[in-house]
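Inside the fold
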Amino acid sequence: MLETRVGSLFYAGLKEEERFKKFLYLYQSLEIYTHKSFSQIDYEKYVDATCPSPARLAKSARRFYLNKQIESKNLTQRFMWCAILRWQNLQDSDVEIFKKVKKIRDKLSHGEEISEASLPVEDLENLLFKIL
């Protein structure tokens, strides 16, 4: 089930006419949904399949991999974990779209001027349709 905040922001983004606001609404829904999805991953179920440990370090390596996943705090790390373990329909091209979208959002957050026409609104919208 889609969290209310994510659904509201996504809907607002779909209905918004102004590209800048549309981009921000959609990005915020992506950010919240990614963090929420990441928090629901039971990595213990996946660790042996995604990061097989050598037999001589079975316990130590497994704990190391589990800690690395837990230490994932930023959006890009969490997005990657979700893309690997939860969102089975994403491809490398979708990860590149995410990186492009995030880079633009980071520039906006740091006060750089970005023309509204260059905002990747359609890419962001399509990415959200794939993961929601």
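This is a predicted model, so every value here is computed, not measured.

Burial in helix H5 (residues 75-85) covers these residues: Leu 75, Arg 78, Phe 79, Trp 81, Cys 82, Ala 83 and Leu 85. Considering only its buried residues, H5 is in contact with helix H2 (19-39), helix H3 (47-50), helix H4 (58-70), helix H6 (92-109) and helix H7 (121-131). Measuring from the backbone nitrogen of Thr 76 back to the side-chain oxygen at the start of H5 gives 3.0 Å, which picks out Asn 74 as the cap.

This brings us to the side chain of Gln 69. Relative to the elements of secondary structure, Gln 69 occurs in helix H4. Filtering out sequence-adjacent residues up to four positions away, Gln 69 remains in contact with Phe 38, Ile 41, Tyr 43 and Trp 81.

On to H2. Because each turn of an α-helix spans 3.6 residues, side chains separated by three or four positions end up pointing in the same direction. End to end, H2 covers 30 Å across 21 residues, agreeing with the expected 30 Å (1.5 Å per residue, within 8%). Every buried residue belonging to H2 is among Lys 22, Phe 23, Leu 26, Tyr 27, Ser 29, Leu 30, Ile 32, Tyr 33, Thr 34, Ser 37 and Phe 38, and all of these are buried. Where H2 is buried, its residues meet helix H1 (4-15), H4, H5, H6 and H7.

Scoring rules and cut-offs
- Along each chain, the written sequence defines residue order, and numbers are assigned to residues from 1.
- Local features in this predicted model are restricted to residues whose pLDDT is 70 or higher, and side-chain atom pairs enter the listing and the counts only when it is 80 or higher, whereas totals over whole chains, interfaces and linings include all residues.
- Remark: hydrogens and water are excluded; side-chain values derive from all non-hydrogen atoms of the structure.
- Only protein chains enter the calculation, and the probe is 1.4 Å; a residue is then buried if its accessible area is under 20% of its type maximum, exposed if over 50%, and partly exposed in between.
- Helix and strand labels come from DSSP, where a helix needs a run of H or I of at least four residues and a strand needs a run of E of at least two; each type is numbered from the N terminus.
- In what follows, residue pairs with any heavy atoms lying within 4.5 Å of each other are defined as contacts.
- Whenever a nitrogen or oxygen atom comes within 3.5 Å of another N or O atom, the pair is scored as a polar contact, on the condition that within protein one atom can donate a hydrogen and the other can accept it, and that pairs from neighbouring residues in sequence are kept only if both atoms are in side chains.
- Take the number of residues in a helix, subtract one, and multiply by 1.5 Å to get its expected span.

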